Amino acid sequence: MDAVRGCLLLDFYGQLLTERTRLVLEYHYAEDMSLAEIASEANVSRQCVHDTIRRGTASLVEYEEKLKLVECFVHQKDTIYEAIDHLNRDDVDTAKSILTQLVSEL
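Everything numeric here is computed off the predicted structure, so don't read it as measured data.

Calculation rules
- Residues numbered from 1 in each chain as written.
- Predicted model: local features only at pLDDT ≥ 70, side-chain atom pairs only at ≥ 80, totals over all residues.
- Heavy atoms only, no water.
- Helix = DSSP H or I, 4+ residues; strand = E, 2+ residues; numbered from the N terminus.
- Buried < 20%, exposed > 50% of the residue type's maximum accessible area, 1.4 Å probe, protein only.
- Arc of directions from axis to C-beta.
- Contact = heavy atoms within 4.5 Å.

Caption draft 1: Structural view of unusual backbone geometry. Phi is positive for aspartate 32, close to 55°, though the residue is something other than glycine. For aspartate 32, the location among the structural elements is in the loop between helix 2 (19–30) and helix 3 (35–42). Residues other than glycine seldom take positive phi values, yet lysine 68 does so here, at roughly 55°. Mapped onto the secondary structure, lysine 68 falls in the loop between helix 4 (46–67) and helix 5 (69–88).

Next up, the structure:
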């Protein structure tokens, strides 16, 4: 998983993880720290860090598969940008239609 996706999943579901797992994943995805750096910071082995990242990432992916909060967020953001684009082209009716559709999906 890339760092952007990892950070996004952490933003939405990080509080569902244990404190230690969340911290290790933040070091890995947000701070771009190596396994050795994280191990040194957390005072654990590199293998422990690797396992924590693997399990924690799997948990984040599972939460997203079930709850789809990130998918919904990205869809809403993209739709709003589309409406803004239409407004910038003075196409108010289309922008209004796009936003009305978005509201009906909520």
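Let us keep going from here.
Caption draft 2: Focus on helix 1 (residues 3–13). All of the buried residues in helix 1 are Gly6, Leu9, Leu10 and Tyr13. End-on, the buried residues of helix 1 take up no more than an arc of 105°, which puts them together on one face. Counted as exposed and oriented over 90 degrees from the buried face of helix 1: Val4 and Asp11. Where helix 1 is buried, its residues contact helix 2, helix 4 and helix 5.

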